[in-house]
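# An overview of the molecular structure
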Amino acid sequence: VRSLQLFGEPLPVLFLSKYLRVLTLEAQRVDLTAVGQLFQLRYLNVSAGAIDLPTQIQGLQHLATFQIFYTSELRLPSDIARLPSLRHLILPLGTKLPDSIGRMKPLCTLEGFDLSDFRNVKDLGVLTNLRDLKLDNRQVPTQTGIDALVTSLGKLCNLRSLCICSVGQWTHDLNDRLGSLSHPPFLQIVKLELIRWLLPRTPRWINGDLQSLIHLNLRVKETSTTEVRILGALSLLNDLNLWVQGCP
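Since the model is a prediction, treat every value here as computed from it, not as a measurement. (Residues numbered from 1 in each chain as written. Predicted model: local features only at pLDDT ≥ 70, side-chain atom pairs only at ≥ 80, totals over all residues. Heavy atoms only, no water.)

Check the secondary structure of the protein and you find 2 helices and 11 strands. Mapped from its N terminus to its C terminus, the protein presents α and β elements in the order β-β-β-β-β-β-β-α-β-β-β-α-β. Across the 248 residues of the protein, 47% fall into the buried class. For the protein, the proportion of contacts with a sequence separation of at least 24, taken over those separated by at least 6, is 39%. Of the roughly 12,000 Å² of accessible surface on the protein, a fraction of 50% belongs to carbon and sulfur atoms. (Helix = DSSP H or I, 4+ residues; strand = E, 2+ residues; numbered from the N terminus. Buried < 20%, exposed > 50% of the residue type's maximum accessible area, 1.4 Å probe, protein only. Contact = heavy atoms within 4.5 Å. Areas by Shrake-Rupley, 256 points an atom, 1.4 Å probe, with all protein chains shown as cover.)

See below:
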């Protein structure tokens, strides 16, 4: 057996199938404590109400996609950064960034991590292969946290999709760190969503240079006719959600 998809059934003794490369599981409870024995596994997709993960998974040297849908707090294996083939890491919103996130340079997709602990946000800037980035935030960040985040984002020049979600309204970015970037940090961006991050104005780098931008979601304190015209010059833009607190 090379591929197994199982829905709504108890997990069988599948770990005897040591040649598994694709594993998709959907059940109320999933026990993955022995998943490290599947040395040839390339793709793991799990959706469950309760998940038991091993403390270590570094045996999965060929794992390229690690995707989990789970409603509670998820504790990642401590050695997840030691998976050399991992390209797509998609986890539930609110999962904490591992201390070793800076070592995961091959990542192309990173979704679900919580920004509340900004200590590791600066390490995101070394993940220059990222194409899709989705982050979550459970508390209002400090200006120091915003500075660290914007500095990291400015280094991710290959991003195609960026989404930052927040449970509550972010306070006004007093120093306009995002808008102060001197040039578009990601020229090939297709989807940009800054949900509940209240910016002073539309960042200057959101202009005609972003010829690939299709989806844009922004919240700004105020805007102007000139800025709206600049958005109108984005030839591929077909989905715009612009929330404005007030107009001068």
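Between side chains of opposite charge, a pair can form when the charged atoms approach closely. Here the structure, examined in full by the defined rule, presents 5 salt bridges. Close ionic contact of D147 with R177 constitutes a salt bridge, the shortest N to O distance being 3.0 Å. Here D147, found in helix α1 (residues 143-153), pairs with R177, found in the loop between β8 (161-164) and β9 (191-199); they are 30 residues apart in sequence, far enough to count as distant. One salt bridge connects R201 with E222, and the closest N-O pair in it is separated by 2.5 Å. One end of the pair, R201, is in the loop between β9 and β10 (215-220); the other, E222, is in the loop between β10 and α2 (225-232), with 21 residues separating them in the sequence. Among the residues examined, R201 registers a relative accessible area of 26% and is labelled partly exposed. For E222, a relative accessible area of 27% gives the class partly exposed. Shared partners join several salt bridges into a network, and the residues in it are R201, E222 and E227. (Salt bridge = Lys/Arg side-chain N within 4 Å of Asp/Glu carboxyl O.)

As a further point, take the sheet that holds strand β11 (residues 239-244). With parallel pairing, the 11 strands of this open sheet are ordered in space as β1-β2-β3-β4-β5-β6-β7-β8-β9-β10-β11. The sheet terminates laterally at β1 (3-7) and β11, the two strands that pair on one side only. Going from strand to strand, the sheet's axes swing by 15° on average, the running direction of each strand aside. One ladder, built from 5 bridges, connects β1 with strand β2 (residues 22-31); its direction is parallel. Across the sheet, the residue bridging to L6 is L25, located in β2. (Pairing = 2+ DSSP bridges. Axes fitted to C-alpha atoms, helices over the stretch in contact; angles between N-to-C directions.)

Let us look at the confidence of the model for the protein. Looking at the protein as a whole, the pLDDT averages 85, with 90% of positions reaching at least 70. In the model of the protein, α1 stands out as the element of lowest mean pLDDT, 84, in contrast to strand β4 (residues 65-69), which has the highest, 94. (pLDDT = per-residue confidence, 0-100.)

When β8 meets β9, the two strands line up parallel, connected through 4 bridges. Of the residues in β9, the one forming a bridge with S161 is K191. By the bridge criterion, 5 bridges tie β9 to β10 in an arrangement that is parallel. Bridged to L198 within β10 is R219.

As a further point, take the pairing of strand β5 (residues 88-96). Both β4 and β5 contribute to a ladder of 3 bridges, which runs parallel. Within the sheet, the bridge partner assigned to Q67 lies in β5 and is I90. Where β5 meets strand β6 (residues 109-114), 5 bridges bridge the pair, whose relative direction is parallel. Counted as the bridge partner of T95 is F113 from β6.

One can find L178 in the loop between β8 and β9. Counting along the chain gives 28 residues from L178 to V150, while the straight-line C-alpha distance between them is 5.9 Å.

A few words on α1. What α1 keeps buried is the set G145, I146, L149, V150, S152 and L153. One side of α1 holds all its buried residues, which, seen down the axis, span an arc of 160°. Among the structural elements, β7 (132-136), β8 and β9 are those in contact with the buried residues of α1. (Arc of directions from axis to C-beta.)

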